[in-house]
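Residues per chain are reported as follows:
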Amino acid sequence: MGIASDIILVVVAALVCGLLARRLGQPLILGYIVAGVLLGPHTGGVTVSSVHEIEMLAEIGVALLLFGIGLEFSLSDLRPVRGVALVGTPIQIGLIVAYGWGIGIWFGWDWEPSLWLGALLSLSSTMVILKTLESQGLMGTLSSRVMIGMLIVQDLAVVPMLVILPILGELGGDALGGMALLGWAVFKASAFLGLMILVGARVIPWLMKRVARTNSSELFLVTTSAMALGIGYGTYLFGLSFAFGAFVAGLVISESDYSHHALSSILPLRDLFGLLFFASVGMLLDPGFLVDHWKGILLLVGLTMAGKSVVCAGLARAFGYVNIVPLAVGLTMFQVGELSFLLAKVGREAGALNPEQYGLILSTAIVTMILTPPASRLAGPLYRVQRRFFQRESVQSVNVTGDWLRDHVIVVGGGRVGGFLARVLAGADVHYVVMEAEHRAFEALKARGVPVIYGDATQRAVLEAAHPGHARLLMVTVPAFSVVRQVVELTRSLAPDLGIVARADGMEQMRRMRELGANQVVQPTLETGLEFARKALRCLGLPPGAVQRFADAVQGDDYAALAGNGGLQASLHQLEALRAVEIIWRRVAQGGPLEGKSIAGLGIRGRTGVSVVGVLRAGLMLPNPDIHMPLEADDMLALIGGPKEQRRFEKEYGADSLVEAPDCEKVPV
């Protein structure tokens, strides 16, 4: 069967090794690489017959991988950590390239493979880091956001590396000619990118729109694949990297309305061909090489871990991130990434790396990937040791003076929800303080004059700065459940009696919050549904007070009414009973049928069935008003009556006098 049988062998072996890798808590790509080692020409036993053809198919996986990166790229993802991502990451790459170059020279390598080594070491593994963060429940923390921002820029950096690094060997001793050659390569890449932005940004969305109208998922998949591979092949004919063209295609489509659909349709194909790519990497690894060069591998692994950890942690600290963030970043981003495999293969094919150098780099990448999960788990214990034996970092607070932190409200998270809550508390003249871990958001709150503490509220020293023992309430508004969980646990240990309102998504998280001691739990999705229900009931003419009591009843037992139909029905029956005795406020309109007339003269009770139980005039409440008292413009009338009686009042005296305007045009009930 030729190449077909080879593909079957690779896929089956990758399945078995992938399952084992997942069982051992390792990323799938390590299982794929091991499958390639087992099927490669260096291990004996079952071996694929056409390693070269597998490598050629793997090029499609590389192109689709870069295409996916282009599709997923969004500047909005970098906005919260744009400083360390857009400025710090290029510095990190430059420092590690220089560091790796120095290691290569120390190993006795020439300048070109040493430079390749630095470039390969500068990239970290997006797949391994995301898997590690997810398994430890750290997605959404400040540390994870910093790392993801840096990883996005690192993934983008592989594109210029693919353009520039392969031509370095052609520079030779002719400096002028070499610079001209490098300039020509950069010019071609820039020209192609500009052409794609000008032409492709118009043509590609137009074509995808026409294809989407056919409602054929199969045709859409074919179109997306053709865009990725066809444009990649065009760049290859243009004298540039095949993968570079695929990345540009993804970048162009990412700006269209069809980026999410394109990504979801291409993911299975990308993952399948990506499997072939990582397996082909493993086929080039000789297990005997590991045995013969274990000292060199361990030395390079140690140097890589030490150098990258120090650089990444130092940059995080230099950009204002404190507490556990630098430690977490350094102990998680030290590995060599999967895109380095792509660069290493290109370097080997270009003759820049010999088999021994290639094997050393490949082995180092695999070992550092395996070491990432256990090393990342050391961040917490090491931070506790640091706080115990070394001077604590001062917690920065602004706009907090005197006895402000007494009988106050603590708001954890200064984003959209926390920022809105801060404005409400300020308007109600309630003392409060916001705790914000992201430096840019902290600076924005500081500029607005908000009382704010800079730091990670999951750390005891930071939370203690907000004086939870003297607070009236703590509200955790951040969306990351791992952060919410840690803040609630820490708060309960510091202030057992403090009221806590926490955010959660789903019933399971809500139950967990209750177990940890949260007094109230807010579920944004269910709150949205409840708000829709509230507006629907108001549109149907139900009095606002009764609707509010219904909402309170539903929320009263942590949304239990929404979890089971019985509780919801009970709340609805209660709502129906309240409709008949609801108080409605109406304003006496200037020049309207009520102005200048008395309650008795109007005959309100007899004509409509509504009773006037109070009049609010110039801020003074008049309960049980004199029925012979003339009504004045802007008087507020408190009326009791059911929906039918209220409609009679509207028909008789006009609906425009309703104080709380209905949420939409009312319809008959």
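Residues numbered from 1 in each chain as written. Predicted model: local features only at pLDDT ≥ 70, side-chain atom pairs only at ≥ 80, totals over all residues. Heavy atoms only, no water.

A. How the structure looks around a nonpolar patch on the surface. There is a patch of nonpolar side chains on the surface, built from I8, V12, L15, V16, L19 and L20 and spanning about 580 Å² of accessible area. Tracing the chain through its elements places L15 in helix α1 (residues 3-23). Residue class for L15 comes out exposed when judged on its relative accessible area of 53%. (Patch = residues over 30% accessible without salt bridge, like charges linked within 9 Å, V, L, I, M, F, W, Y side chains within 5 Å. Areas by Shrake-Rupley, 256 points an atom, 1.4 Å probe, with all protein chains shown as cover. Salt bridge = Lys/Arg side-chain N within 4 Å of Asp/Glu carboxyl O. Helix = DSSP H or I, 4+ residues; strand = E, 2+ residues; numbered from the N terminus. Buried < 20%, exposed > 50% of the residue type's maximum accessible area, 1.4 Å probe, protein only.)

B. Spotlight on the environment of I231. Mapped onto the elements, I231 comes out in helix α10 (residues 217-237). Between the C-alpha atoms of I231 and A249, which are 18 residues apart in sequence, the distance is 6.5 Å. Among all residues touching I231, those that are not within four sequence positions of it are F192, M196, I204, A226, G245 and A249. (Contact = heavy atoms within 4.5 Å.)

C. Highlighting the pattern of salt bridges. Here the structure, examined in full by the defined rule, presents 6 salt bridges. The closest approach of N and O atoms between R512 and E489, which form a salt bridge, is 3.8 Å. With R512 in helix α23 (residues 507-516) and E489 in helix α22 (residues 481-494), this pair connects stretches of sequence that are 23 residues apart. With relative accessibility at 32%, the residue R512 sits in the partly exposed group. For the salt bridge of R586 with E650, the shortest nitrogen-to-oxygen distance reads 3.1 Å. With R586 in strand β8 (residues 583-587) and E650 in helix α30 (residues 643-653), this residue pair connects regions lying 64 residues apart in the sequence. Just as R586 is buried, E650 falls in that class too. Put simply, E489, R512 and E515 are held in one network by salt bridges that share partners.

D. Highlighting the pairing of strand β6 (residues 499-503). When you tally the buried positions in β6, you get 4 out of 5 residues, the bulk of the element. Where strand β5 (residues 473-476) meets β6, 4 bridges bridge the pair, whose relative direction is parallel. Considered in β6, the bridge of M475 is made with V501. At this point the chain moves from β5, through α22, to the parallel β6, and the crossover so formed is right-handed. Where β6 meets strand β7 (residues 520-522), 3 bridges bridge the pair, whose relative direction is parallel. Looking across to β7, one finds that A502 is bridged to V521. Taken together, β6, α23 and β7 form a β-α-β motif whose crossover is right-handed. (Pairing = 2+ DSSP bridges. Right-handed = clockwise from strand over helix to strand, strands pointing away.)

E. Quick look at the pairing of strand β3 (residues 432-436). With 5 of 5 residues buried, β3 is to be regarded as a mostly interior element. The two faces of β3 match: Y432, V434 and E436 on one face and V433 and M435 on the other face are all buried. The pairing of strand β2 (residues 409-412) with β3 spans 4 bridges and is classified as parallel. Each bridged residue has a counterpart across the sheet, and for V412 the counterpart in β3 is M435. Following the backbone out of β2, through helix α19 (residues 416-427) and into the adjacent parallel β3, one traces a crossover that is right-handed. Of the crossover connections in this fold, the one passing from β3 over helix α20 (residues 439-447) to the parallel strand β4 (residues 452-454) is right-handed.

No statement about biological role is implied by the geometric values presented.
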